[in-house]
Amino acid sequence: MHSKIIGTGSYLPAKTLTNFDLEKFVDTTDEWIVSRSGIHERHIAADDEVTSDLALQASLRAIEAAGIAATDIDLIIVATTCPDKIFPSTACILQHKLGIQNGGAAFDMQAVCGGFVYALNTADLYIRAGQAKTVLVVGAEIMSRMLDWKDRTTCVLFGDGAGAVILQATDVPGILAGRLHSDGRHHSLLRVDGSISNGEVQGDPFIRMEGQAVFKFAVTVLSRVVEEVLNEAGLTGSDIDWLVPHQANIRIIDATAKKLGLSLDNVVVTVANHGNTSSASIPLALDAAVRDGRIKSGQHVLLEAIGGGFTWGAVLLKW
Ligand code: UT7
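Source: prediction; values computed, not measured.

A. Structural context of unusual backbone geometry. Residue Pro-88 is reached from Phe-87 by a cis peptide bond, and omega for that bond is 0°. Turning to its location among the elements, Pro-88 is positioned in the loop between strand 4 (75–79) and helix 4 (90–97). Cis geometry marks the peptide bond from Gly-309 to Phe-310; its omega dihedral reads -10°. For Phe-310, the location among the structural elements is in the loop between strand 14 (300–307) and strand 15 (311–318). Although it is not a glycine, Val-112 sits at a positive phi angle of roughly 50°. Following the sequence through the fold, Val-112 ends up in the loop between strand 5 (105–109) and helix 5 (115–128).

So this is what it looks like as structure tokens:
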């Protein structure tokens, strides 16, 4: 038993915030943001949008692309660090919004920016264990609600969005290899400390990040984990047709591609248009490259991400 992605979808909220917009109320410049991160603009959810709304739009598009009925889905995994509520899970709320009443499982996965590879790898294992046949895997985030607009070191980097894929059981391998890692010793380098207790937010509710430390760690472990999945599948960097990395920073993406011996022509880069959307960034980029015809049947596609925790991982697919 194997699993294969049979449809992708994504959604970005209508409102955009450009670097030039930010210049008006943050001590920053378009030049600094572009040269340090590659970001030009980000999308911001409307006041009445919640994470499951973004997830719903991306999911409907993936379901349509896959040519299935929503009721075929027997497992939903939503990677998010911005759940609608503390509980129930955003995945259960999404299941309801999709009108699915078949008793299939639904749960959230919290691995911050590593969330989509965590969720996709988990979905593949469920299918290969025979516990699910058609899985909706979503990355959906409203990072803008956790931003301190007075902290220029973080507020210029993140944005909102959602992406989704339908993973289905098949006889031929689609997902060839997957590896996940974490190292909690670094949990304080990228974090939101606040929690809700007795009806009030306790502590700091905003994203705090030691950017340079995250950067250095990311470059090291991402090239290591992509080697792991390539070795597992018996492939090398030259076999990769498309690298679809977590879209946090063009310089991290560039460094990982170089270590793989890949030119940027073989890398899907969408960070300029939506910034760091955490767990949504890989399915957003994947959907863009599938819909514009860059990713074609039979090609090797490599996904990799790192996020707070730290969590990191990679998934290698034959499309
Ligand atoms: O998705 C999860 C993983 N997260 C990441 O991958 C993020 C990893 N880190 C990064 O992408 C980069 O470290 C950043 C983009 C966050 C920062 O780039 P950097 O080249 O590491 O810059 P820096 O933190 O070393 O800051 C350089 C300078 C500092 O000024 P001084 O001390 O040299 O005078 C900062 O105060 O840039 C200043 N700075 C800014 N200037 C204008 C920091 N933020 C800004 C800003 N606008 N927004």
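Having seen it, we continue.
B. Expanded view of the packing of helix 7 (residues 211–233) against helix 8 (residues 250–260). Running from N to C, helix 7 and helix 8 cross one another at 40°; their axes reach a closest spacing of 10 Å. Between helix 7 and helix 8 lies a crossing of right-handed hand. Contacts between helix 7 and helix 8 involve Phe-215, Ala-218, Val-219, Leu-222, Ser-223, Val-226 and Leu-230 from the former and Arg-251, Ile-252, Ala-255, Thr-256, Lys-259 and Leu-260 from the latter. Classifying every residue of the contact of helix 7 with helix 8 by side-chain character gives nine nonpolar, two polar and two charged.

C. Examining the site of the ligand more closely. Neighbouring residues of the ligand: 22 residues in total, closest Thr-28, Gln-212, His-246, Asn-249 and Asn-276. One of the side-chain N or O atoms of His-246 is found 2.9 Å from an oxygen atom in the ligand. If the ligand stood free it would expose 950 Å²; the protein chains cover 74% of that surface. Counting only elements with at least two residues in the shell around the ligand, the list comes to helix 2 (30–37), helix 6 (152–155), helix 7 and helix 8. Per-element accounting of the shell around the ligand gives the leading share, four residues, to helix 7. Class assignment of the residues belonging to the shell around the ligand gives a composition of eleven nonpolar, seven polar and four charged.

D. Layout of the packing of helix 3 (residues 51–66) against helix 4. Remark: helix 3 packs on helix 4, axes separated minimally by 9 Å, with the N-to-C direction vectors making an angle of 55°. Taken together, the axes of helix 3 and helix 4 lie oblique to each other. Read as a crossing pair, helix 3 and helix 4 show a hand that is right-handed. Where helix 3 abuts helix 4, its residues Thr-51, Ser-52, Asp-53, Ala-55, Leu-56 and Ser-59 lie against Thr-90, Ile-93, Leu-94 and Lys-97. When the residues that make up the contact of helix 3 with helix 4 are grouped by side-chain class, the tally is four nonpolar, four polar and two charged.

E. Highlighting the pattern of salt bridges. Per the counting criterion, the structure on display carries 14 salt bridges. In this structure, Asp-124 engages Arg-128 in a salt bridge whose closest nitrogen and oxygen atoms are separated by 3.0 Å. Of the two residues, Asp-124 and Arg-128 both sit in helix 5, four residues apart, roughly one turn of that helix. On the accessibility criterion, Arg-128 (44% relative accessible area) is partly exposed. The salt bridge involving Arg-291 is made with Asp-287; its shortest N-O contact spans 2.7 Å. Linking Arg-291 with Asp-287, this pair stays in helix 10 (residues 281–291), spanning four residues, or about one helical turn. When its relative accessible area of 4% is taken as the criterion, Asp-287 is described as buried. Taken together, the shared-partner salt bridges in this structure form one network comprising Asp-148, Asp-151, Asp-204 and Arg-208.

Definitions and cut-offs
- Residues numbered from 1 in each chain as written.
- Predicted model: local features only at pLDDT ≥ 70, side-chain atom pairs only at ≥ 80, totals over all residues.
- Heavy atoms only, no water.
- Helix = DSSP H or I, 4+ residues; strand = E, 2+ residues; numbered from the N terminus.
- Axes fitted to C-alpha atoms, helices over the stretch in contact; angles between N-to-C directions.
- Left-handed = near helix turned anticlockwise from the far one by under 90°.
- Contact = heavy atoms within 4.5 Å.
- Nonpolar A, V, L, I, M, F, W, Y, C, P; charged D, E, K, R; others polar.
- Near = heavy atom within 4 Å.
- Polar contact = N/O pair within 3.5 Å; in protein donor to acceptor, adjacent residues only side chain to side chain.
- Areas by Shrake-Rupley, 256 points an atom, 1.4 Å probe, with all protein chains shown as cover.
- Parallel < 35°, antiparallel > 145°, perpendicular 65-115°, else oblique.
- Salt bridge = Lys/Arg side-chain N within 4 Å of Asp/Glu carboxyl O.
- Buried < 20%, exposed > 50% of the residue type's maximum accessible area, 1.4 Å probe, protein only.

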